[in-house]
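# A closer look at the structure
This is what each chain is made of:
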Amino acid sequence: MTTTTDHTLESTPESTPESAPESGRDTGQQTAVTAAAAPRSARLIHTGSTTEIPVHLLFRDDPDPAAPPLRPAVVGRREGTGEQARLRRPAAEGPRPELCADPELVERPARVLPGAAGVVAGLCGVAGCLATSWWAGLLPSAVAGASGLASPAAGLGPAQWAAYTGAAALGLFGFGGLARGRTGRAWVLDLFGRYRGTVRRTGLLWVNPLLLRRRVDVRLRHWRSEPMQAAGRSGVALRVVVLVVWRVRDTARATLGVEDHETYLRQCVEAALLRVPVKEPGAGKGAMEAAQEALTRAVAQDAAPVGIEVFAVRPVRVEYAPEVAAAMHRRRIAALDAQHRASVLNAVVDSVEDTVTRLTVRGLVELDDYERKALVRDLTVAFCVGRSQTGP
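Residues numbered from 1 in each chain as written. Predicted model: local features only at pLDDT ≥ 70, side-chain atom pairs only at ≥ 80, totals over all residues. Heavy atoms only, no water.

### Here we look at the overall build of the protein chain
The condition that has to hold: Counting from the N terminus, the helices are DSSP H or I runs at least four residues long and the strands are E runs at least two residues long. Residues count as neighbours in contact if any of their non-hydrogen atoms are within 4.5 Å of one another. Only the protein chains shown count as cover for residues, and all accessible areas are computed by the Shrake-Rupley method using a 1.4 Å probe.
Assigned secondary structure in the protein chain consists of 10 helices and 12 strands. Here the analysis covers contacts within the protein chain between residues at least 6 apart in sequence; of these, 70% occur between residues at least 24 apart. Per element, the accessible surface of the protein chain, about 27,800 Å² overall, is 57% carbon and sulfur.

### Thoughts on the nonpolar core
Selection criterion: Residue types Ala, Val, Leu, Ile, Met, Phe, Trp, Tyr and Cys, when buried and joined through side-chain atoms within 4.5 Å, form a set referred to as a nonpolar core. Think of it in three bands: with a 1.4 Å probe and only protein chains considered, a residue is buried below 20% of the maximum accessible area for its type, exposed above 50%, and partly exposed in between.
In this structure, Val244, Leu273 and Val310 are the most contacted members of the largest nonpolar core, which totals 39 residues. Contributions of two or more residues to this core are made by strand 5 (185-191), strand 10 (228-231), strand 11 (237-248), helix 6 (251-256), helix 7 (261-275), helix 8 (285-303) and strand 12 (308-320). Among all residues touching Val310, those that are not within four sequence positions of it are Val244, Val245, Trp246, Leu265, Val299, Ala300 and Ala303. In terms of nonpolar packing, the next biggest core, distinct from the first, is built from 9 residues, Ala110, Val199, Val207 and Leu211 among them.

### Quick notes on the sheet that holds strand 8 (residues 212-217)
Worth spelling out the cut-off: A pair of strands is considered paired only if DSSP assigns at least 2 bridges between the two. Orientation is described by axes fitted as lines to C-alpha atoms, over the contacting stretch for helices, and by angles from 0 to 180 degrees between their N-to-C directions.
Spatially, 3 strands are ordered 6-5-8 in an open sheet, and the strand pairing comes out antiparallel. Two strands lie at the open edges of the sheet, namely strand 6 (194-199) and strand 8, each paired on one side alone. Here the strands of the sheet are splayed against their neighbours by 25 degrees on average, with no regard to which way each runs.

### Focus: the environment of Thr183
Along the chain, the position of Thr183 falls in the loop between strand 4 (178-181) and strand 5. Its relative accessible area of 70% is what places Thr183 among the exposed residues. Linking Thr183 and Val218, residues 35 residues apart in sequence, is a C-alpha distance of 8.9 Å.

### Considerations on unusual backbone geometry
At Phe192, a position not held by glycine, the phi torsion is positive, near 55 degrees. Along the chain, Phe192 falls in the loop between strand 5 and strand 6. Phe192 sits in the exposed class, given a relative accessible area of 79%.

### Some remarks on the packing of helix 7 against helix 8
Our working definition: Oblique is the label for every angle not falling under 35 degrees (roughly parallel), over 145 degrees (roughly antiparallel), or within 65 to 115 degrees (roughly perpendicular). What makes a crossing left-handed is the near helix being turned counterclockwise from the far one by less than a right angle; a clockwise turn instead makes it right-handed.
It is at 9 Å that the axes of helix 7 and helix 8 come closest, and there the two elements cross at 140 degrees. By the criterion of interaxial angle, the relationship of helix 7 to helix 8 is oblique. Judged by the sense of rotation from one axis to the other, the crossing of helix 7 with helix 8 is right-handed. Here Tyr264, Leu265, Cys268, Val269, Ala272, Leu273 and Arg275 of helix 7 lie close against helix 8, whose contacting residues are Leu295, Ala298, Val299, Asp302 and Ala303.

In structure tokens form, the structure reads like this:
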């Protein structure tokens, strides 16, 4: 809906002094007659401007109308200008979430008994079985005669069967729970899916035979990887062989917190090689030590939540990937050649400068500018030819 406003009004006929104060006439009647007699202008607006007024502002009743919806983040291209759509720059990503382990899954010592207790229980079970057999009269006559005791020959009744069951159970529990603990090895005990503790003791032990035992190697271990993909500081594809020094610090998390802790460690090393830049072949000792420290920190941070302690991740062999090896080899040869040429040129320039300086300082020759330039040119050519003949 539009409306028109006027900024310049049309001039009206001026009233004459004779018609203003006529005697005896009422002022209101004079005004009415004048308005009726004066001709009405056909056009009241000479210069006007048209302004668009939103319809919802004309018919609003609420003094505080709701805010109009905002435009989308994507701005469409303008018609006829060829301008492409502009996208809003995405917000910066937050920090990478840290790995967190189950706080209740922590290694704790399991309850075990010395091995002598298991041996005694097993012998008691065997002795109980023999006594029950003698009670039932099932022992051979030779054995019964050697023992010097008369067998009651009561036969196999409920009491004998109960005695057999108890003695056999005691013998099985006694001998079945015997285990030998080794240095550098540990057992993670699990009962019906619930962690019951870790055994790090050595020697002959007795462990509940109902518990599931999982052997874990807790010694200091070295792992030499196969060639893995990596990236140099300049983005060049590399193949790196690393030596990882590690050990299992928390057996509960290493066994129950992840499916296979060795595979997990290998994948952590691969991810760190792609995330941390490695110095290209031929780098100095300082650069290799810096790369080693960065790799060690990255792998140790990822492996700590699963109970693995990483001491060092050392790159032992760094080489270019097969697809870029030939090009990088040519580039390196060209760089070495340029470096050699620069060193030869510096040596020649120093030799020429020293020769000319000695000749002029000692007064052996007096040279003007032209002769000095010619001598420098000849000496430079002679020294270069001599070095090329004698070799680098």
